Amino acid sequence: MTQVRTVDGRIAGRRGQETRARLLECLAELLAARSYRDVTVIDVARDAGTSPATFYQYFPDIEAAILELAADVVREAAELKELASERSWAGRAGTVSATELVNGLMDFWQEHDSILRVVDLAAAEGDKRFTKHRMRVLDAVHKALSSAIGELQKSGKVESDVPAAATAGALVTMLAASAAHPKTFESWAVKDKDLRAALIRLVSWGVTGKKPTP
C-alpha cells in the first residue's frame, strides 16, 4: 500500500491507510448516488463506520478528498493516449481508429462519471485545482490526436492550413461533452449506439477531412 500522511504530516500506519481508503471508497459511493453538494463529512464518516474527527485526520475538507479520487482518475486517463497514438487513419483503418477512440473515451467517462461530473462542475466554477485535473484528462487524448493530424499533414493527406491543435481540441471537447451529458441525448430519444456512430463519423471526418470509409 502506498505511503500516505495525515493532515498534520504524520505517516499513517497500515490501519490508518485502510481507514483512509475506506473513507475514499464511501465518498465515491455517495457521489455516485447524490449531488456532491449534498455530501457531508458526517455522511462519509458514518458510512465508513468512523467519526468526522477521523475524516479530518486525513482530509481538511470534502473537496480535498474528492481531489484524491480525481487524481486516481487522472492517473488512469494517461492510458487514453493509446487510443490516438500511432494509429492509421487511412481508409477503413481510419474508421477503426475513430471507433476505438470514441468507444474508449465514452466508456472511460461512463466508468468514472460520478467523479468527472464533480470535476467538470468545480472547474466550470473556477476552482483551479479541479481545472488542472480536467485538463490532464483531456490532454492525454488531445496531444496524441493533434500529433496524428500533424503526421497526416506531413504526408500530404490533410491540407496544411488545417489547425491541428485546434481541430484536435474541438474533437476532444466534443467527445467529453457528449460523454458527460447522456441524459440530454436520452431526452432527445437518441440511443447510445446512435450517438457513438455519429461521433465516430465526426471524428473520422475531422481528423482526415474525408468521408469515413464504411
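Keep in mind that what you see is a predicted model, and the values were worked out from it rather than measured.

A. Examining helix H6 (residues 113–124) more closely. Given a rise of 1.5 Å per residue, twelve residues ought to cover 16 Å, and the 16 Å separating the end C-alpha atoms of H6 matches this to within 8%. Buried residues of H6: Ser114, Ile115, Leu116, Val118, Val119, Asp120, Ala122 and Ala123, and no others. Each element contacted by the buried residues of H6 is listed here: helix H1 (14–33), helix H4 (62–77), helix H5 (91–111), helix H7 (128–154) and helix H8 (164–180). Positive phi appears at Gly126, one or two residues downstream of H6, with a value of about 100°.

B. Seen up close, the UniProt feature "domain: HTH tetR-type" (unreviewed entry) in the protein. Residues annotated in UniProt with the feature "domain: HTH tetR-type" (unreviewed entry) correspond here to residues 17–77. As annotated, residues 17–77 has a helix share of 79% and a strand share of 0%, and its two end C-alpha atoms lie 24 Å apart.

C. Here's a closer look at the pattern of salt bridges. Evaluation of the coordinates by the stated rule reveals 14 salt bridges. A salt bridge links Asp72 to Arg75; the shortest N-O distance between them is 2.2 Å. Placement of the pair is Asp72 and Arg75 together in helix H4, with a separation of three residues, close to one helical turn. Connected via shared salt-bridge partners are Arg34, Asp43 and Arg46.

D. Fine view of the domain arrangement of the protein. Partitioning the protein into structural domains gives domain 1 (14–60) and domain 2 (71–208). Each of domain 1 and domain 2 has a C-alpha centre, and these two points are 32 Å apart. Here domain 1 meets domain 2 over a buried area of about 500 Å², counting both sides, of which 60% is carbon and sulfur. Interface area lost by domain 1 to domain 2 is led by Leu31, Tyr36 and Arg37, which between them contribute 78%.

E. A negative patch on the surface, seen in detail. There is a patch of like negative charges on the surface, built from Glu76, Glu79, Glu82, Glu86 and Glu111. A relative accessible area of 59% means that Glu111 is categorised as exposed.

F. Region of interest: the nonpolar core. Core analysis: the largest hydrophobic core is formed by 64 residues, its most contacted members being Leu27, Leu31, Val44, Trp89 and Leu145. At ten residues, H7 tops the list of elements feeding residues into this core. Here this core gathers at least three residues from each of two domains, domain 1 (14–60) and domain 2 (71–208). If we skip the residues at most four places from it in the chain, Val44 touches Leu23, Cys26, Leu27, Leu30, Val39, Phe55 and Ile62.

What counts, and at which threshold
Residues numbered from 1 in each chain as written. Predicted model: local features only at pLDDT ≥ 70, side-chain atom pairs only at ≥ 80, totals over all residues. Heavy atoms only, no water. Helix = DSSP H or I, 4+ residues; strand = E, 2+ residues; numbered from the N terminus. Expected span 1.5 Å × (residues − 1). Buried < 20%, exposed > 50% of the residue type's maximum accessible area, 1.4 Å probe, protein only. Contact = heavy atoms within 4.5 Å. UniProt positions renumbered as here; feature names shortened; annotations may be inferred. Salt bridge = Lys/Arg side-chain N within 4 Å of Asp/Glu carboxyl O. Domains from an automatic or database assignment. Buried area = accessible area lost by both parts, 1.4 Å probe. Patch = residues over 30% accessible without salt bridge, like charges linked within 9 Å, V, L, I, M, F, W, Y side chains within 5 Å. Areas by Shrake-Rupley, 256 points an atom, 1.4 Å probe, with all protein chains shown as cover. Lys, Arg positive; Asp, Glu negative; His and termini not counted. Charge placed at Lys NZ, Arg CZ, Asp CG, Glu CD. Core = buried A, V, L, I, M, F, W, Y, C linked by side-chain atoms within 4.5 Å.

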